[in-house]
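Residue-level structural notes
Residue strings, one per chain:
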Amino acid sequence: MSTESHNAENTGSANSVVETSNLAGAGDFLIVCEHASNYIPPAYNNLGLDETVLKSHVAWDPGALAVAQALSKALDAPLVEQKLSRLIYDCNRPPEAENAMPAQSEIFTIPGNSNLSQADRDMRTNSVYVPFRSALTDCLDQLQARGQSPVVITVHSFTPVYKGVKRDVEIGFLHDRDDIFAKELIKTFAAETDKFVLRLNEPYGPADGVTHTLTEHALPRNLRNVMLEIRNDLITDPESQQDMATVLAQAILQAEKTLGKKKNHTAPTTKPIKTGN
């Protein structure tokens, strides 16, 4: 088994692993971007990967942060973002998930994540996941203390080709056991534009283990929620990222207006049966 010598200074302080911005935003939304960065602290030696892999979707969600930032501005909503690569720790996974620190991502082996000891995993959990979870919890606590009931919106991107298979879906609206906002949002988005192929729970769904942030933070508080998955070839530059955020913001506002203040009614928890990237 490998034992990492990294300490909190190697991985970074809480301020270097998570950032919350626009906390004073008046909009009834919270934007989350767990895969915002591909940064890996020097102590990890790039996890044994070359720069080409580190710039790819394997290490982060390209374009997602720019869309999340534009949504935060358009909706006047707080934004919570992870500032380290998901290969160090994927904050959209619980500590017990094997791919919280994946040894394999798509077709790529991650040498620096192979044969991690429990001490290694605990160190990363405590230095990355725990501060991220705390920041998100604190943000929601403050919003609810002000009398707000924010819609939790997580922003991701996905690769057009996965394990050699082309994906036709262009934007996915993902949900766990609470599908109310996702189903309304896909309708309002389609009403804004017919340019994209839209699907519910594609290219991933709860069975792939991707809805952790929703089930950990939104569902226990009975907050409306959705996970957005945008094909990354649609958000490759500032113009396309802003255009996507503009349409999404309009659709999000309309979905919330249509639903009004109805309370969510949720079904029993959907339990993951496998894990995905």
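Throughout what follows, the structure given in this document is the object of discussion. (Residues numbered from 1 in each chain as written. Predicted model: local features only at pLDDT ≥ 70, side-chain atom pairs only at ≥ 80, totals over all residues. Heavy atoms only, no water.)

**Some details on the packing of aromatic side chains**
Under the counting rule described, the total for this entry stands at 3 aromatic pairs. Between the aromatic rings of tyrosine 89 and tyrosine 129, the centroid separation amounts to 5.3 Å while the plane-to-plane angle is 35 degrees, which identifies the pairing as tilted. Here tyrosine 129 lies in helix α5 (residues 118-145) and tyrosine 89 lies in the loop between β3 (79-82) and β4 (104-105), a separation of 40 residues in the sequence. Here tyrosine 89 matches tyrosine 129 in class, with each residue buried. What links up through ring pairs into an aromatic cluster is the set Phe173, Phe189 and Phe196. (Phe/Tyr/Trp six-rings, centres within 6.5 Å; stacked < 30°, edge-to-face > 60°. Helix = DSSP H or I, 4+ residues; strand = E, 2+ residues; numbered from the N terminus. Buried < 20%, exposed > 50% of the residue type's maximum accessible area, 1.4 Å probe, protein only.)

**Focus on the pattern of salt bridges**
Taken as a whole and judged by the stated rule, the model has 9 salt bridges. Residues aspartate 179 and lysine 183 are paired through a salt bridge, measuring 3.0 Å at the closest nitrogen-oxygen approach. Accessibility expressed as a relative area gives 38% for lysine 183, which makes it partly exposed. The salt bridge partner of arginine 199 is glutamate 202, with a shortest N-O separation of 3.1 Å. Assessed through its relative accessible area of 31%, glutamate 202 is described here as partly exposed. One salt-bridge network, held together by shared partners, links Glu170, Arg231 and Asp233. (Salt bridge = Lys/Arg side-chain N within 4 Å of Asp/Glu carboxyl O.)

**What about helix α8 (residues 238-259)?**
Look at α8: 31 Å from first C-alpha to last across 22 residues, which is about the 32 Å you get at 1.5 Å a residue. Among the residues of α8, Ser240, Gln241, Met244, Ala245, Val247, Leu248, Ala249, Ala251, Ile252, Ala255, Glu256 and Leu259 are the ones counted as buried. Buried residues along α8 sit in contact with β2 (29-33), α4 (64-75), β6 (151-158), β9 (171-174), α6 (180-192) and β11 (225-231). Just downstream of α8, glycine 260 is the residue with a positive phi angle, here 60 degrees. (Expected span 1.5 Å × (residues − 1). Contact = heavy atoms within 4.5 Å.)

**Some points on the nonpolar core**
Core analysis: the largest hydrophobic core is formed by 38 residues, its most contacted members being Leu71 and Phe173. When residues in this core are grouped by element, the largest group, 9 residues, is from α8. Filtering out sequence-adjacent residues up to four positions away, leucine 71 remains in contact with Ile31, Asp76, Val155, Leu228, Ala245, Leu248, Ala249 and Ile252. Membership of the second largest hydrophobic core comes to 34 residues, among which are Val58, Ala59, Val80 and Val128. (Core = buried A, V, L, I, M, F, W, Y, C linked by side-chain atoms within 4.5 Å.)

**Quick notes on the sheet that holds strand β1 (residues 18-21)**
Taken in spatial order, the 7 strands of this open sheet run β1-β3-β2-β6-β11-β9-β10, and their pairing is mixed. The open sheet has two edge strands with one neighbour each: β1 and β10 (198-200). Averaged over all neighbouring strand pairs, the angle between strand axes comes to 20 degrees, with direction disregarded. This element, α6, spans β6, β9, β10 and β11 of the sheet and lies at about 170 degrees to β10. (Pairing = 2+ DSSP bridges. Axes fitted to C-alpha atoms, helices over the stretch in contact; angles between N-to-C directions.)

**What about the pairing of β6?**
Of all 8 residues making up β6, 8 are buried, and the element is well covered by its neighbours. Residue alternation in β6 divides its side chains into two sets, Val151, Ile153, Val155 and Ser157 and Val152, Thr154, His156 and Phe158, and both sets are buried. As judged from the 4 bridges shared by β2 and β6, these two strands associate in the parallel manner. Considered in β6, the bridge of leucine 30 is made with valine 152. Pairing between β6 and β11: 7 bridges, direction parallel. Following the sheet pairing, valine 155 is matched in β11 by leucine 228.

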